[in-house]
Amino acid sequence: MIRTQDVKRSYRRWAPVYDIVFGKLFAHPRREAAEAAARVGGRLLEVGVGTGIALTAYAPSLSIVGIDVSREMLARARLRVASLGLAHVEDLIEMDAQDLAFPDGSFDVVMAQYVVNTVPDPDAALDEFARVLRPGGEIILVNRVGAAAGPRRAVERGLQPIVERLGWRSEFPFERFERWLGRQPSLRLVERRAMPPFGHFALLRFTRIDPS
Ligand SMILES: C[S@@+](CC[C@H](N)C(=O)[O-])C[C@H]1O[C@@H](n2cnc3c(N)ncnc32)[C@H](O)[C@@H]1O
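Residues numbered from 1 in each chain as written. Predicted model: local features only at pLDDT ≥ 70, side-chain atom pairs only at ≥ 80, totals over all residues. Heavy atoms only, no water.

This paragraph deals with the overall build of the protein chain. Within the protein chain, the regular secondary structure consists of seven helices and seven strands. The helix and strand sequence of the protein chain, counted from the amino end, reads α-α-α-β-β-α-β-β-α-β-α-α-β-β. Taken over the C-alpha trace, the protein chain has a radius of gyration of 16 Å; the compact-globule value for 212 residues is 17 Å, and the two agree within 12%. Projecting the C-alpha coordinates of the protein chain onto the three principal axes gives extents of approximately 45 × 45 × 30 Å. If you average the places of the 30 positive and of the 26 negative side-chain charges in the protein chain, the two averages end up 5 Å apart. (Helix = DSSP H or I, 4+ residues; strand = E, 2+ residues; numbered from the N terminus. Rg over C-alpha atoms; globule rule 2.2 N^0.38 Å. Lys, Arg positive; Asp, Glu negative; His and termini not counted. Charge placed at Lys NZ, Arg CZ, Asp CG, Glu CD.)

Let us now look at the pairing of strand E3 (residues 89–94). Both strand E2 (residues 63–68) and E3 contribute to a ladder of five bridges, which runs parallel. Bridge pairing in E3 places Gly66 opposite Leu92. Crossover E2 to E3 through helix H4 (residues 71–84) is right-handed. (Pairing = 2+ DSSP bridges. Right-handed = clockwise from strand over helix to strand, strands pointing away.)

With that out of the way, let us pick up the sheet that holds strand E1 (residues 43–47). What holds strands together in a sheet is hydrogen bonding between their backbones, with the strands either parallel or antiparallel. Read across the open sheet, the seven strands follow the order E3-E2-E1-E4-E5-E7-E6; overall the sheet is mixed. Of all strands in the sheet, those bounded by a partner on one side alone are E3 and strand E6 (187–195). Strand-to-strand twist of the sheet, defined as the mean angle between neighbouring strand axes without regard to direction, takes the value 15°. Two elements, strand E5 (residues 133–144) and strand E7 (residues 201–208), share seven bridges in a ladder whose sense is antiparallel. The residue of E7 that forms the bridge with Arg144 is Phe201. Taken strand by strand, helix H7 (residues 175–182) contacts E5, E6 and E7, and its axis lies near 10° from that of E7. (Axes fitted to C-alpha atoms, helices over the stretch in contact; angles between N-to-C directions. Contact = heavy atoms within 4.5 Å.)

Of all hydrophobic cores here, the largest spans 34 residues; its most connected members are Leu44, Leu55, Tyr58 and Ile140. Secondary-structure elements contributing two or more residues to this core are helix H1 (4–14), helix H2 (18–22), helix H3 (27–40), H4, E3, strand E4 (107–113), E5 and E7. The residues touching Leu44, leaving out its near neighbours within four places in the chain, are Ala37, Tyr58, Leu62, Ser63, Ile64, Val65, Phe107, Val109 and Met111. Counting 32 residues, the second-largest nonpolar core is a separate cluster that includes Val110, Phe174, Leu187 and Phe206. (Core = buried A, V, L, I, M, F, W, Y, C linked by side-chain atoms within 4.5 Å. Buried < 20%, exposed > 50% of the residue type's maximum accessible area, 1.4 Å probe, protein only.)

Structural data, given as structure tokens:
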């Protein structure tokens, strides 16, 4: 089982080198996610904002609130915002994705890139994303999507106990999202697109239906 204390410990170590390791590797999905967010516009919550590596990709017309459980990752994000003068960043707050301190419907976009499979209870986090999203808004995720079956699934399962100690899940089949969606009658999946490297990740977009 992933524990928040392990996630914090892991990202305390990652913080100084995170951008060097994951900067270029995930640049393309980050650009695609930012473009999808720009099409919605308005106020964006970036969950697991980390070092703020995605912040420069967002349209300056968006207003961004970033949250993260790791103080060390957030400290890097704050430095980035200050040094680059990123005026579209409204706030950066230490907060748990599974317990968001925002009112219902307070964001036009909820973004989480490489985050959902690092939280102890992904369903609780996804429920919170849906709660703080306004009707007509979008949840945009870039996430690990594991194999549904076959040898790749077996490898991912085998690696699970090892990567779990790093606060990560190798195994994360799409059916987990489908099961969650089944409990969210106001949400619809609008896009699922494979992302590099090797299609091991996906860009997922969900919209919240306006009941009126
Ligand atoms: C793989 S990094 C992704 C960072 C950034 N989103 C990116 O695109 O590079 C995962 C981030 O999620 C944060 N995180 C993990 N669990 C969290 C939780 N329960 N609540 C908020 N942030 C969390 C970690 O501290 C870390 O900064």
